[in-house]
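One letter stands for each residue in the lines below.
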Amino acid sequence: MKLSCRASSIKPSATLAITAKAKKLKAEGKNIIGFGAGEPDFDTPGYIKNAVKDALDKGYTKYTPVSGIEELKSAIADKFLSDYNVGYEQSEIIVSCGGKHSLYNLFSALLNEGDEIIIPSPYWVSYTEIIKLSGGVPVIVDTSRNGFKFNLRMLESNLTKKTRGLIINSPSNPTGVLMDEKDITQIADFVKKKGLYIITDDIYEKIIFDDKKFFNALMVGKEVKENTVAVNAVSKTYSMTGFRIGYTAGPKDLISAMNNIQSQSTSNPTTFAQYGALAALKGGYDFTVMMRNEFQKRRDYMLDFFDKNIKSVIPVKPDGAFYIFADISKVFDESGNKINSSTEFCDYLLDKYLVAAVPGIEFGNDNFIRLSFAASLDVIKEGLNRIKEAVSF
Ligand code: PMP
Ligand code: GLU
(Lines give C-alpha, C1' and ligand atoms only; values in the text may rest on other atoms or scores of the structure.)
(Ligands and ions follow the chains in the order given, each with its own letter.)
Protein backbone atom coordinates (compact mmCIF):
# COMPACT_ATOMS: atom_id res chain seq x y z
CA MET A 1 0.00 0.00 0.00
CA LYS A 2 1.19 3.50 -0.74
CA LEU A 3 1.65 5.24 2.59
CA SER A 4 2.58 8.82 3.35
CA CYS A 5 6.29 9.63 3.32
CA ARG A 6 6.02 10.68 6.97
CA ALA A 7 4.46 7.40 8.06
CA SER A 8 7.02 5.43 6.04
CA SER A 9 9.93 7.35 7.51
CA ILE A 10 9.31 6.46 11.14
CA LYS A 11 9.77 3.25 13.09
CA PRO A 12 7.65 1.92 15.95
CA SER A 13 8.75 2.52 19.56
CA ALA A 14 11.28 -0.21 20.42
CA THR A 15 10.80 0.28 24.16
CA LEU A 16 7.07 -0.33 23.93
CA ALA A 17 7.56 -3.22 21.50
CA ILE A 18 10.07 -5.02 23.73
CA THR A 19 7.96 -4.50 26.86
CA ALA A 20 4.91 -5.88 25.02
CA LYS A 21 6.88 -8.87 23.73
CA ALA A 22 8.17 -9.70 27.23
CA LYS A 23 4.63 -9.46 28.68
CA LYS A 24 3.26 -11.73 25.95
CA LEU A 25 5.94 -14.39 26.48
CA LYS A 26 5.29 -14.24 30.23
CA ALA A 27 1.55 -14.69 29.66
CA GLU A 28 2.38 -17.77 27.56
CA GLY A 29 4.02 -19.25 30.64
CA LYS A 30 7.67 -18.49 29.78
CA ASN A 31 9.90 -17.58 32.73
CA ILE A 32 10.86 -14.18 31.34
CA ILE A 33 12.94 -11.63 33.21
CA GLY A 34 11.82 -8.21 31.97
CA PHE A 35 14.53 -5.55 31.96
CA GLY A 36 12.68 -3.75 29.17
CA ALA A 37 9.94 -1.91 31.02
CA GLY A 38 9.95 1.85 30.87
CA GLU A 39 7.43 2.21 33.66
CA PRO A 40 7.61 1.94 37.45
CA ASP A 41 6.56 -1.49 38.74
CA PHE A 42 4.69 0.00 41.74
CA ASP A 43 0.90 0.14 41.91
CA THR A 44 -0.61 3.61 41.50
CA PRO A 45 -1.33 5.00 45.01
CA GLY A 46 -4.84 4.35 46.37
CA TYR A 47 -5.68 8.03 46.92
CA ILE A 48 -5.13 8.68 43.22
CA LYS A 49 -7.33 5.76 42.19
CA ASN A 50 -10.01 6.95 44.63
CA ALA A 51 -9.96 10.41 43.08
CA VAL A 52 -10.73 8.82 39.71
CA LYS A 53 -13.55 6.73 41.21
CA ASP A 54 -14.97 9.89 42.85
CA ALA A 55 -14.76 11.75 39.55
CA LEU A 56 -16.70 8.98 37.81
CA ASP A 57 -19.31 8.93 40.61
CA LYS A 58 -19.70 12.69 40.32
CA GLY A 59 -20.36 12.33 36.61
CA TYR A 60 -17.11 13.86 35.37
CA THR A 61 -17.36 11.83 32.21
CA LYS A 62 -17.87 14.54 29.60
CA TYR A 63 -15.59 16.86 27.62
CA THR A 64 -13.48 19.38 29.47
CA PRO A 65 -11.75 22.43 27.98
CA VAL A 66 -9.24 21.21 25.37
CA SER A 67 -6.21 22.20 27.46
CA GLY A 68 -7.50 20.54 30.64
CA ILE A 69 -9.58 21.47 33.68
CA GLU A 70 -8.71 24.75 35.43
CA GLU A 71 -8.00 23.07 38.79
CA LEU A 72 -5.38 20.83 37.18
CA LYS A 73 -3.71 23.70 35.34
CA SER A 74 -3.66 25.66 38.61
CA ALA A 75 -2.03 22.70 40.40
CA ILE A 76 0.54 22.53 37.59
CA ALA A 77 1.20 26.28 37.89
CA ASP A 78 1.62 25.85 41.68
CA LYS A 79 4.13 23.08 41.06
CA PHE A 80 6.17 25.27 38.71
CA LEU A 81 6.13 28.09 41.23
CA SER A 82 7.16 25.99 44.20
CA ASP A 83 9.69 23.81 42.37
CA TYR A 84 11.35 26.37 40.08
CA ASN A 85 10.10 29.72 41.35
CA VAL A 86 8.56 30.58 37.97
CA GLY A 87 4.96 31.73 37.64
CA TYR A 88 2.70 30.57 34.79
CA GLU A 89 -0.75 31.77 33.72
CA GLN A 90 -3.40 29.23 32.73
CA SER A 91 -2.87 30.30 29.11
CA GLU A 92 0.76 29.16 29.30
CA ILE A 93 -0.11 25.57 30.27
CA ILE A 94 -1.66 22.69 28.36
CA VAL A 95 -2.47 19.19 29.58
CA SER A 96 -2.16 16.44 26.96
CA CYS A 97 -2.48 12.65 26.71
CA GLY A 98 0.90 11.77 28.25
CA GLY A 99 4.33 13.35 27.95
CA LYS A 100 4.72 11.79 24.52
CA HIS A 101 1.62 13.55 23.27
CA SER A 102 2.85 16.82 24.80
CA LEU A 103 6.04 16.48 22.74
CA TYR A 104 4.09 15.56 19.63
CA ASN A 105 1.91 18.67 19.90
CA LEU A 106 4.90 20.80 20.77
CA PHE A 107 6.96 19.81 17.73
CA SER A 108 3.90 20.03 15.47
CA ALA A 109 3.41 23.60 16.68
CA LEU A 110 7.08 24.61 16.55
CA LEU A 111 8.63 23.08 13.45
CA ASN A 112 8.49 23.85 9.77
CA GLU A 113 9.75 21.42 7.15
CA GLY A 114 13.51 21.05 7.58
CA ASP A 115 13.78 22.82 10.94
CA GLU A 116 16.35 21.22 13.18
CA ILE A 117 16.24 20.14 16.81
CA ILE A 118 19.47 19.14 18.51
CA ILE A 119 19.25 15.92 20.52
CA PRO A 120 22.03 14.84 22.87
CA SER A 121 22.76 11.15 22.28
CA PRO A 122 22.02 8.61 23.67
CA TYR A 123 18.41 9.77 23.59
CA TRP A 124 14.95 8.47 24.33
CA VAL A 125 13.70 6.49 21.31
CA SER A 126 10.71 8.68 20.52
CA TYR A 127 12.39 12.10 20.16
CA THR A 128 13.73 11.44 16.67
CA GLU A 129 10.52 9.93 15.36
CA ILE A 130 8.22 12.62 16.79
CA ILE A 131 10.42 15.33 15.25
CA LYS A 132 10.37 13.55 11.88
CA LEU A 133 6.58 13.24 12.09
CA SER A 134 6.47 17.02 12.40
CA GLY A 135 8.61 17.50 9.29
CA GLY A 136 11.62 18.41 11.41
CA VAL A 137 15.16 17.08 11.33
CA PRO A 138 16.70 15.51 14.45
CA VAL A 139 20.37 16.47 14.80
CA ILE A 140 22.04 13.83 16.94
CA VAL A 141 25.03 14.87 19.04
CA ASP A 142 27.07 12.14 20.71
CA THR A 143 27.90 12.80 24.37
CA SER A 144 29.54 9.45 25.16
CA ARG A 145 33.07 10.90 25.25
CA ASN A 146 32.01 13.52 27.77
CA GLY A 147 30.54 11.21 30.42
CA PHE A 148 27.19 11.43 28.60
CA LYS A 149 26.88 15.14 29.43
CA PHE A 150 25.87 17.65 26.81
CA ASN A 151 27.43 21.12 26.93
CA LEU A 152 27.49 24.53 25.23
CA ARG A 153 30.43 23.64 22.98
CA MET A 154 28.43 20.73 21.53
CA LEU A 155 25.46 23.00 20.96
CA GLU A 156 27.53 25.72 19.26
CA SER A 157 29.30 23.29 16.96
CA ASN A 158 26.03 21.80 15.73
CA LEU A 159 24.18 25.03 15.21
CA THR A 160 22.91 25.88 11.72
CA LYS A 161 20.51 28.45 10.32
CA LYS A 162 17.78 25.82 10.63
CA THR A 163 18.26 25.13 14.35
CA ARG A 164 15.13 25.90 16.38
CA GLY A 165 16.25 24.45 19.69
CA LEU A 166 17.46 21.47 21.65
CA ILE A 167 16.12 18.84 24.00
CA ILE A 168 17.47 18.44 27.51
CA ASN A 169 16.44 15.30 29.38
CA SER A 170 18.20 15.26 32.73
CA PRO A 171 18.27 12.75 34.35
CA SER A 172 18.29 11.05 31.01
CA ASN A 173 16.58 8.06 29.56
CA PRO A 174 18.57 5.84 28.86
CA THR A 175 21.74 6.77 30.83
CA GLY A 176 20.25 8.26 34.01
CA VAL A 177 23.02 10.87 33.91
CA LEU A 178 22.28 14.39 35.21
CA MET A 179 23.63 17.35 33.28
CA ASP A 180 25.77 19.85 35.18
CA GLU A 181 24.06 23.01 36.43
CA LYS A 182 26.85 25.08 34.88
CA ASP A 183 26.24 23.58 31.43
CA ILE A 184 22.48 24.12 31.62
CA THR A 185 23.04 27.74 32.69
CA GLN A 186 25.49 28.43 29.85
CA ILE A 187 23.18 26.77 27.32
CA ALA A 188 20.15 28.72 28.59
CA ASP A 189 22.00 32.03 28.25
CA PHE A 190 23.12 31.14 24.73
CA VAL A 191 19.65 29.96 23.69
CA LYS A 192 18.17 33.23 24.88
CA LYS A 193 20.75 35.26 22.95
CA LYS A 194 20.09 33.30 19.75
CA GLY A 195 16.28 33.18 20.06
CA LEU A 196 16.19 29.38 20.23
CA TYR A 197 14.20 27.07 22.51
CA ILE A 198 15.23 24.65 25.22
CA ILE A 199 12.79 21.82 25.45
CA THR A 200 13.33 20.49 28.95
CA ASP A 201 11.85 17.01 29.39
CA ASP A 202 11.67 16.72 33.16
CA ILE A 203 9.79 13.46 33.38
CA TYR A 204 12.37 11.83 35.71
CA GLU A 205 12.98 14.93 37.85
CA LYS A 206 11.75 13.31 41.08
CA ILE A 207 13.69 10.09 40.66
CA ILE A 208 17.20 11.22 41.55
CA PHE A 209 19.69 9.35 43.76
CA ASP A 210 22.42 10.12 46.30
CA ASP A 211 20.83 13.43 47.34
CA LYS A 212 21.84 14.97 44.03
CA LYS A 213 19.76 17.96 42.96
CA PHE A 214 17.53 18.42 39.95
CA PHE A 215 18.19 21.51 37.87
CA ASN A 216 16.49 22.73 34.71
CA ALA A 217 16.60 25.81 32.48
CA LEU A 218 13.70 27.46 34.32
CA MET A 219 15.81 27.49 37.47
CA VAL A 220 18.45 29.61 35.73
CA GLY A 221 16.13 32.58 36.15
CA LYS A 222 12.95 34.23 34.92
CA GLU A 223 14.82 35.77 31.99
CA VAL A 224 14.96 32.42 30.15
CA LYS A 225 11.28 31.56 30.67
CA GLU A 226 10.26 32.74 27.17
CA ASN A 227 12.90 30.50 25.58
CA THR A 228 12.04 27.42 27.60
CA VAL A 229 9.35 24.84 27.06
CA ALA A 230 8.94 22.45 29.97
CA VAL A 231 7.40 19.04 29.33
CA ASN A 232 6.46 16.77 32.18
CA ALA A 233 3.93 14.07 33.10
CA VAL A 234 2.49 12.24 36.07
CA SER A 235 3.50 8.94 34.42
CA LYS A 236 6.76 8.21 36.22
CA THR A 237 6.54 10.41 39.32
CA TYR A 238 3.38 8.72 40.59
CA SER A 239 3.48 5.45 38.64
CA MET A 240 0.56 6.53 36.45
CA THR A 241 1.79 5.53 32.98
CA GLY A 242 -1.62 4.22 31.90
CA PHE A 243 -3.43 7.43 32.81
CA ARG A 244 -1.85 9.19 29.84
CA ILE A 245 -1.56 12.62 31.39
CA GLY A 246 1.33 14.91 30.45
CA TYR A 247 1.67 18.66 30.48
CA THR A 248 3.59 21.51 28.88
CA ALA A 249 4.37 25.01 30.10
CA GLY A 250 5.78 27.53 27.68
CA PRO A 251 5.30 30.77 25.76
CA LYS A 252 1.65 31.67 25.34
CA ASP A 253 1.65 31.66 21.51
CA LEU A 254 3.18 28.22 21.38
CA ILE A 255 0.74 26.82 23.96
CA SER A 256 -2.13 28.39 22.03
CA ALA A 257 -0.96 26.68 18.81
CA MET A 258 -0.67 23.38 20.67
CA ASN A 259 -4.19 23.95 21.91
CA ASN A 260 -5.44 24.34 18.33
CA ILE A 261 -3.69 21.15 17.25
CA GLN A 262 -5.05 19.25 20.25
CA SER A 263 -8.57 20.61 19.62
CA GLN A 264 -8.47 19.06 16.14
CA SER A 265 -6.99 15.74 17.19
CA THR A 266 -7.63 14.30 20.66
CA SER A 267 -9.66 17.15 22.25
CA ASN A 268 -9.14 17.15 26.03
CA PRO A 269 -7.15 14.41 27.75
CA THR A 270 -9.46 11.84 29.40
CA THR A 271 -11.61 13.68 31.92
CA PHE A 272 -11.47 11.32 34.91
CA ALA A 273 -7.73 10.73 34.39
CA GLN A 274 -7.28 14.49 34.81
CA TYR A 275 -8.88 14.21 38.27
CA GLY A 276 -6.42 11.44 39.11
CA ALA A 277 -3.55 13.71 38.01
CA LEU A 278 -4.98 16.53 40.13
CA ALA A 279 -5.01 14.29 43.24
CA ALA A 280 -1.44 13.22 42.42
CA LEU A 281 -0.11 16.77 42.10
CA LYS A 282 -1.82 17.85 45.30
CA GLY A 283 -0.87 14.73 47.26
CA GLY A 284 2.80 15.35 48.00
CA TYR A 285 5.75 13.11 47.31
CA ASP A 286 5.68 10.42 50.03
CA PHE A 287 4.94 7.70 47.50
CA THR A 288 7.53 9.03 45.04
CA VAL A 289 10.21 9.12 47.74
CA MET A 290 9.43 5.52 48.72
CA MET A 291 9.70 4.49 45.07
CA ARG A 292 12.91 6.47 44.57
CA ASN A 293 14.50 4.80 47.61
CA GLU A 294 13.62 1.37 46.26
CA PHE A 295 15.06 2.28 42.86
CA GLN A 296 18.27 3.42 44.50
CA LYS A 297 18.64 0.08 46.37
CA ARG A 298 18.16 -1.78 43.10
CA ARG A 299 20.60 0.45 41.24
CA ASP A 300 23.22 -0.09 43.93
CA TYR A 301 22.69 -3.83 43.85
CA MET A 302 23.09 -3.92 40.08
CA LEU A 303 26.20 -1.75 39.99
CA ASP A 304 27.79 -3.90 42.69
CA PHE A 305 26.86 -7.11 40.88
CA PHE A 306 28.37 -5.93 37.60
CA ASP A 307 31.49 -4.75 39.35
CA LYS A 308 32.03 -8.07 41.12
CA ASN A 309 30.68 -10.58 38.63
CA ILE A 310 30.41 -9.37 35.05
CA LYS A 311 33.58 -7.71 33.85
CA SER A 312 32.59 -7.57 30.19
CA VAL A 313 29.42 -5.50 30.75
CA ILE A 314 30.25 -2.04 32.05
CA PRO A 315 27.37 0.04 33.42
CA VAL A 316 27.13 3.82 33.43
CA LYS A 317 26.27 4.90 36.98
CA PRO A 318 22.85 6.54 36.78
CA ASP A 319 22.15 9.64 38.89
CA GLY A 320 18.43 9.12 38.39
CA ALA A 321 15.58 7.48 36.42
CA PHE A 322 15.44 3.67 36.55
CA TYR A 323 17.71 2.43 33.81
CA ILE A 324 21.21 1.03 33.60
CA PHE A 325 22.89 1.77 30.28
CA ALA A 326 25.71 -0.71 29.98
CA ASP A 327 28.63 -0.98 27.57
CA ILE A 328 28.73 -4.41 25.94
CA SER A 329 31.54 -3.83 23.45
CA LYS A 330 33.79 -6.26 25.35
CA VAL A 331 31.11 -8.92 24.91
CA PHE A 332 31.48 -8.54 21.14
CA ASP A 333 35.19 -9.45 21.44
CA GLU A 334 34.68 -12.24 23.91
CA SER A 335 31.89 -13.88 21.94
CA GLY A 336 34.38 -14.64 19.17
CA ASN A 337 32.38 -12.66 16.62
CA LYS A 338 29.14 -14.48 17.39
CA ILE A 339 27.62 -11.23 18.67
CA ASN A 340 28.39 -8.00 16.87
CA SER A 341 25.61 -5.57 17.72
CA SER A 342 23.34 -4.57 20.57
CA THR A 343 20.36 -6.05 18.73
CA GLU A 344 22.13 -9.39 18.32
CA PHE A 345 23.03 -9.37 21.99
CA CYS A 346 19.44 -8.62 23.10
CA ASP A 347 18.08 -11.30 20.75
CA TYR A 348 20.59 -13.76 22.21
CA LEU A 349 19.60 -12.83 25.78
CA LEU A 350 15.91 -13.24 25.04
CA ASP A 351 16.11 -16.41 22.95
CA LYS A 352 18.62 -18.32 25.05
CA TYR A 353 18.21 -16.87 28.55
CA LEU A 354 14.67 -15.43 28.51
CA VAL A 355 15.97 -11.98 29.52
CA ALA A 356 14.39 -8.93 27.85
CA ALA A 357 16.57 -5.82 27.42
CA VAL A 358 16.53 -2.93 24.94
CA PRO A 359 19.36 -2.65 22.36
CA GLY A 360 21.38 0.54 22.68
CA ILE A 361 21.10 1.19 18.95
CA GLU A 362 17.51 2.27 19.56
CA PHE A 363 18.89 5.08 21.73
CA GLY A 364 21.64 5.89 19.24
CA ASN A 365 24.55 3.77 20.55
CA ASP A 366 25.11 0.22 19.34
CA ASN A 367 27.78 -0.58 21.96
CA PHE A 368 25.26 -0.52 24.80
CA ILE A 369 22.11 -2.16 26.14
CA ARG A 370 19.49 -0.66 28.44
CA LEU A 371 18.33 -2.58 31.50
CA SER A 372 15.35 -1.15 33.34
CA PHE A 373 15.34 -1.76 37.08
CA ALA A 374 11.60 -1.29 37.36
CA ALA A 375 11.40 -4.87 38.63
CA SER A 376 11.65 -6.43 42.09
CA LEU A 377 15.07 -7.16 43.56
CA ASP A 378 14.43 -10.91 43.29
CA VAL A 379 13.68 -10.59 39.60
CA ILE A 380 16.75 -8.40 39.14
CA LYS A 381 18.98 -10.95 40.93
CA GLU A 382 17.74 -13.78 38.75
CA GLY A 383 18.16 -11.65 35.61
CA LEU A 384 21.71 -10.66 36.46
CA ASN A 385 22.66 -14.29 37.15
CA ARG A 386 21.33 -15.19 33.73
CA ILE A 387 23.31 -12.36 32.07
CA LYS A 388 26.43 -13.56 33.91
CA GLU A 389 25.92 -17.01 32.46
CA ALA A 390 25.13 -15.59 29.02
CA VAL A 391 28.46 -13.76 28.78
CA SER A 392 30.58 -16.68 30.03
CA PHE A 393 31.58 -17.78 26.56
N1 PMP B 1 10.18 11.49 28.00
C2 PMP B 1 10.98 10.49 28.37
C3 PMP B 1 12.44 10.74 28.50
C4 PMP B 1 10.47 9.22 28.62
O5 PMP B 1 11.28 8.23 28.99
C6 PMP B 1 9.09 9.01 28.46
C7 PMP B 1 8.65 7.60 28.70
N8 PMP B 1 7.50 7.20 28.63
C9 PMP B 1 8.28 10.10 28.08
C10 PMP B 1 8.86 11.33 27.86
C11 PMP B 1 6.79 10.03 27.86
O12 PMP B 1 6.10 9.53 28.91
P13 PMP B 1 4.51 9.36 28.87
O14 PMP B 1 4.05 9.61 27.48
O15 PMP B 1 4.29 7.96 29.31
O16 PMP B 1 3.97 10.38 29.83
N1 GLU C 1 9.72 5.93 28.14
C2 GLU C 1 9.64 4.56 28.51
C3 GLU C 1 10.82 3.80 27.95
O4 GLU C 1 11.75 4.40 27.50
C5 GLU C 1 8.30 3.97 28.20
C6 GLU C 1 8.05 3.46 26.83
C7 GLU C 1 8.01 4.57 25.84
O8 GLU C 1 7.05 5.33 25.86
O9 GLU C 1 9.01 4.68 25.14
O10 GLU C 1 10.86 2.61 27.99
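All figures in this text were calculated on a predicted structure; none of them were measured in a lab.

Asks: I'm lost on the site of ligand 2 in this one. Help?
Replies: In the region of ligand 2, the neighbouring residues are Ser13, Thr15, Leu16, Gly38, Lys100, Trp124, Asn173, Tyr204, Lys236, Tyr323 and Arg370. Trp124 has a polar side-chain atom sitting 3.0 Å from an oxygen atom of ligand 2. Within the side chain of Lys236, an N or O atom sits 3.3 Å from a nitrogen atom of ligand 2. Judged by its atoms lying within 2 Å of the grid points, ligand 2 is housed in the largest pocket. The residue makeup of the shell around ligand 2, split by class, is 4 nonpolar, 4 polar and 3 charged.

Asks: Before we go on, may I ask you to explain the sheet that holds strand β10 (residues 323-327) in this structure?
Replies: Strand-to-strand pairing in sheets goes through backbone hydrogen bonds, with the strands running parallel or antiparallel. With antiparallel pairing, 4 strands are arranged side by side in an open sheet as β9-β10-β13-β12. Taken across any chain shown, the strands that pair with only one partner, and hence form the sheet edges, are β9 (314-315) and β12 (358-359).

Asks: Which parts of the structure should I look at to understand the side chain of Thr15?
Replies: Its place among the elements puts Thr15 in helix α2 (residues 14-27). Judged by its relative accessible area of 8%, Thr15 is buried.

Asks: Explanation requested: helix α8 (residues 181-194) in the structure shown.
Replies: Since the α-helix advances by 3.6 residues per turn, residues separated by three or four positions end up pointing in the same direction. Between its terminal C-alpha atoms α8 stretches 20 Å, which fits the 20 Å expected from 14 residues at 1.5 Å a residue. What α8 keeps buried is the set Asp183, Ile184, Ile187, Ala188, Phe190 and Val191. Next to the buried residues of α8 lie α7 (152-157), β5 (163-168) and β6 (197-201). One or two steps after α8, the chain reaches Gly195, where phi turns positive at roughly 70°.

Asks: Mind showing me how you'd approach the sheet that holds strand β2 (residues 93-96) here?
Replies: Spatially, β2-β8-β7-β6-β5-β3-β4 is the arrangement adopted by the 7 strands of the open sheet, whose pairing is mixed. On the outer flanks of this sheet lie β2 and β4 (137-142), each paired with one strand and no other. Neighbouring strand axes in the sheet, compared pairwise and without regard to direction, differ in orientation by 20° on average. With 4 bridges joining them, strand β7 (residues 228-233) and strand β8 (residues 246-249) adopt antiparallel strand pairing.

Asks: Help me out: how do you make sense of the site of ligand 1 in this one?
Replies: Around ligand 1, the structure places 14 residues, and the nearest of them are Gly99, Asp201, Tyr204, Ser235 and Arg244. At 2.7 Å from an oxygen atom of ligand 1 is found a side-chain nitrogen or oxygen belonging to Tyr204. Contacts to ligand 1 include Ser235, whose side-chain N or O atom sits 2.6 Å from an oxygen atom. Put simply, ligand 1 lies in the largest pocket. In the shell around ligand 1, the residues fall into 5 nonpolar, 5 polar and 4 charged.

Asks: Help me understand the packing of aromatic side chains, please; the structure alone is not making it clear to me.
Replies: What describes a pair of aromatic rings is the distance from one ring centre to the other and the angle between the planes of the rings. As enumerated under the stated definition, the model contains 22 aromatic pairs in all. Relative to Phe322, the ring of Tyr204 lies with its centre 5.6 Å away and its plane at 80°, an arrangement referred to as edge-to-face. Of this pair, Tyr204 sits in the loop between β6 and β7 while Phe322 sits in the loop between β9 and β10, placing them 118 residues apart in sequence. The same class applies to Tyr204 and to Phe322, which are both buried. With a centroid separation of 6.0 Å and an interplanar angle of 85°, the aromatic rings of Phe325 and Phe363 are classed as edge-to-face. Taken together, the positions of Phe325 in strand β10 and Phe363 in the loop between β12 and β13 (368-372) put the pair 38 residues apart, joining distant regions of the chain. As far as burial versus exposure is concerned, Phe325 and Phe363 are alike and both buried. Cluster of aromatic residues (ring-pair linked, three or more members): Phe42, Tyr204, Phe209, Phe295, Phe322, Tyr323 and Phe373.

Asks: Any chance you could explain empty space enclosed by the protein here in plain terms?
Replies: In this approach, a probe sized like a water molecule rolls over the atoms, and the result shows the empty space that is left. A full pass over the atoms with the stated rule returns 2 cavities of 30 Å³ or more. Each pocket or cavity is described by its volume, and for the largest cavity that value is around 170 Å³. Lining of the largest cavity is provided by 19 residues; of these, Pro120, Pro122, Phe148, Asn169 and Ser172 occupy positions nearest its centre. Contributing elements (two or more residues each) for the lining of the largest cavity: β3 (116-121) and β5. In terms of residue class, the lining of the largest cavity is built from 12 nonpolar, 6 polar and 1 charged. Empty space within the second largest cavity amounts to approximately 40 Å³. Lining the second largest cavity we find Lys79, Glu205, Lys206, Asn232, Ala233, Val234, Thr237, Tyr238, Tyr247, Leu281 and Tyr285. For the lining of the second largest cavity, the per-class residue count stands at 6 nonpolar, 2 polar and 3 charged.

Asks: Where do I start with the side chain of Arg370 in this structure?
Replies: Of note, Arg370 is situated in strand β13. Of the side chains with opposite charge, Glu39 lies nearest to the buried Arg370, which makes no salt bridge, at 10 Å. Within the structure, Arg370 has its side chain in polar contact with the backbone oxygen of Gly36 (distance 3.1 Å). For Arg370, the side chain forms a polar contact with the side chain of Asn173, separated by 2.8 Å.

Asks: Which parts of the structure should I look at to understand the pattern of salt bridges?
Replies: When the charged atoms of two side chains lie near each other, side chains of opposite charge can form a pair. According to the stated counting rule, one finds 21 salt bridges in the structure shown. Among the salt bridges present, the one from Glu28 reaches Lys24, with a minimum N-O distance of 3.2 Å. Judged by relative accessible area, which is 55%, Lys24 ranks as exposed. One salt bridge connects Lys79 with Asp83, and the closest N-O pair in it is separated by 2.8 Å. A residue pair is termed a helical-turn pair when its members lie 3 or 4 positions apart in one helix, as Lys79 and Asp83 do in helix α4 (residues 70-84) at 4 residues. Connected through shared salt-bridge partners, Lys79, Asp83, Glu205 and Lys206 make up one network.

Parameters at a glance
- Every residue gets a number counted from 1 within its own chain, in the order that chain's sequence is written.
- Each chain gets a letter, beginning with A, and each ligand a number, beginning with 1, in the order they are written.
- Residues qualify for local features only when their pLDDT is at least 70, as the model is predicted, and side-chain atom pairs are given and counted only at 80 or more; totals for whole chains, interfaces and linings, by contrast, use all residues.
- Side-chain figures throughout are based on the complete set of non-hydrogen atoms in the structure, without hydrogens or water.
- In this text, near means that some heavy atom of the residue lies within 4 Å of the molecule or strand in question.
- Whenever a nitrogen or oxygen atom comes within 3.5 Å of another N or O atom, the pair is scored as a polar contact, on the condition that within protein one atom can donate a hydrogen and the other can accept it, and that pairs from neighbouring residues in sequence are kept only if both atoms are in side chains.
- With a 1 Å grid spanning the protein atoms alone, the term cavity applies to any set of points in which a 1.4 Å probe fits but cannot get out, the term pocket to an open set with protein on both sides within 12 Å along at least five of seven lines, and the term lining residue to any residue with an atom within 4 Å of a point.
- Think of it this way: a molecule belongs to a cavity or pocket when more than half its atoms come within 2 Å of the grid points there.
- The classification used treats Ala, Val, Leu, Ile, Met, Phe, Trp, Tyr, Cys and Pro as nonpolar, Asp, Glu, Lys and Arg as charged, and all other residues, Gly among them, as polar.
- Any two strands with at least two DSSP bridges between them are considered paired.
- Note on conventions: DSSP H or I runs of at least 4 residues are helices, E runs of at least 2 residues are strands, and numbering of each starts at the N terminus.
- For every residue, the accessible area (1.4 Å probe, protein chains only) is compared with the maximum for its type, and the residue is labelled buried under 20%, exposed over 50%, or partly exposed between those bounds.
- Between the first and last residue of a helix there are one fewer steps than residues, each counted as 1.5 Å, and that sum is the expected span.
- By the convention used here, residues are in contact when the closest approach between their heavy atoms is within 4.5 Å.
- Fitting a line to C-alpha atoms yields each axis, with helices limited to the stretch in contact; the angle taken between N-to-C directions then spans 0 to 180 degrees.
- Only centres within 6.5 Å qualify two rings of Phe, Tyr or Trp (six-membered ring in Trp) as a pair; their planes then separate them into stacked at under 30 degrees, edge-to-face at over 60, and tilted for everything else.
- Grid points are joined across faces, edges and corners, and a volume is the space filled by probe spheres set on the points.
- Neither His nor the chain ends is counted toward charge; the positive residues are Lys and Arg and the negative residues Asp and Glu.
- Counted as salt bridges are all cases of a side-chain nitrogen of Lys or Arg within 4 Å of a carboxyl oxygen of Asp or Glu.

None of the figures reported here should be taken as evidence of function without further support.
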